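Each chain is listed here by its residues.
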Amino acid sequence: IGPLFSTSVSAVTPIARQAGVSVLSFSNDQAVAGDDVYVLGLTPEEQIRRVVDYASAQGIRRVAIFAPDNDYGRRIVSALQIQSYGSGVELARLGFFNPRDPDLTDEVKAIANYDQRHRSLLAHKANLKAKGGAASRRALVRLKGRDTLGPPEYDAIIIPTGGKQLLTVAPLLNYYDVDPDQVKYLGTALWNNPKLGREPALVGSWYAAPSPVHWVNFKNRYRVLYGKTPPRISTLAYDSVALAAVIARQAESQSIAVNYSRSLLTNSQGFSGLDGVFRLHPDGRSERGLAILSLERDLINVVDPAPASFAPLVN
């Protein structure tokens, strides 16, 4: 139990396999999973599947993605491309940005298609002026104060970043007429901070993450016992040890030797953990029951609860 980073998992894998020992890693990199090496970290692929499926169920069909130009961002894009095949959601626009660049104006204008939409507005105004007449004058009044004509060519935009960078990107998108009242902002568990809801452009946005109820209960118990707040990743350690303990108790109740076989570790019914239900797949991936959460001002709302079991889910 316990390799955290993918490089550490790769280093320990050949030794564990030679010894016939399964590995429960805390990495979220699916590339290191397989052959009795399991990835328990919350993967971006899982988060995208959940939030895109939910968005699709709400009628969203065309999605843009504005991702950091790094491994994490490319994994998000790949997950969305794969998910689009079966969900009925189309990847309508794709943009990358340098996560180390403090000025993302040009990149945001590009993903917003701002320049073209601005030119369309100017052309439309010129056409109305040329036509003349009362109807054209009324149309021009309605267009007063607008910078672009029509919304972007997508119903939602995925912004897989968090913290200060998200607080830079979201208002900039809104400024360049990606109106959150017309385009739903979607995110990942990197958004799991109620203070982000103070940004008006993010109010009402959706993202996928473990249910906050489980974490709050665990955090409060931990504080009582140890007098400090646990690191967020600590639930992975607790869940891994609990999983091992469950299998050991089952063996003890049957008076047989403990055997962490693949068939036991990949029980299709899964396990109940501190972040909700989870299960392991034979290819080393993990699957978690995630909730759909909405950012509001200084709080997070659950808009679609995490499943309590895997019974209604499809493999």
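Quick look at the structure, then.

Cut-off values and rules
- Residues numbered from 1 in each chain as written.
- Predicted model: local features only at pLDDT ≥ 70, side-chain atom pairs only at ≥ 80, totals over all residues.
- Heavy atoms only, no water.
- Helix = DSSP H or I, 4+ residues; strand = E, 2+ residues; numbered from the N terminus.
- Buried < 20%, exposed > 50% of the residue type's maximum accessible area, 1.4 Å probe, protein only.
- Contact = heavy atoms within 4.5 Å.
- Areas by Shrake-Rupley, 256 points an atom, 1.4 Å probe, with all protein chains shown as cover.
- Lys, Arg positive; Asp, Glu negative; His and termini not counted.
- Charge placed at Lys NZ, Arg CZ, Asp CG, Glu CD.
- Pairing = 2+ DSSP bridges.
- Right-handed = clockwise from strand over helix to strand, strands pointing away.
- Patch = residues over 30% accessible without salt bridge, like charges linked within 9 Å, V, L, I, M, F, W, Y side chains within 5 Å.
- Salt bridge = Lys/Arg side-chain N within 4 Å of Asp/Glu carboxyl O.

Further remarks concern the overall build of the protein. A count of helical and extended segments in the protein gives ten helices and twelve strands. With respect to the three principal axes, the spread of C-alpha positions in the protein is 90 × 40 × 40 Å. Burial analysis of the protein (315 residues in total) assigns 45% to the buried set. Look at the contacts in the protein between residues 6 or more apart in sequence, and 63% of them connect residues 24 or more apart. About 15,900 Å² of surface is accessible on the protein, with carbon and sulfur atoms providing 52% of the total. Looking at the protein, you have 35 positive and 29 negative side-chain charges, and the mean spots of the two groups are 6 Å apart.

Before going further, it helps to spend a moment on the pairing of strand β3 (residues 62-68). β3 sits mainly inside the fold: six of its seven residues count as buried. The pairing of β3 with strand β4 (residues 90-97) spans seven bridges and is classified as parallel. Paired with Phe66 across the two strands is Gly95, which belongs to β4. Where the polypeptide runs from β3 across helix α3 (residues 71-87) and back to β4, its parallel neighbour, the crossover connection is right-handed. The pairing of β3 with strand β5 (residues 156-158) spans three bridges and is classified as parallel. Considered in β5, the bridge of Val63 is made with Ala156.

Another aspect to go through is a nonpolar patch on the surface. Taken together, the side chains of Leu4, Phe5 and Ile233 make up a nonpolar region of the molecular surface, amounting to roughly 280 Å² of accessible area. Within the element layout of this structure, Ile233 appears in the loop between α8 (212-226) and α9 (234-253).

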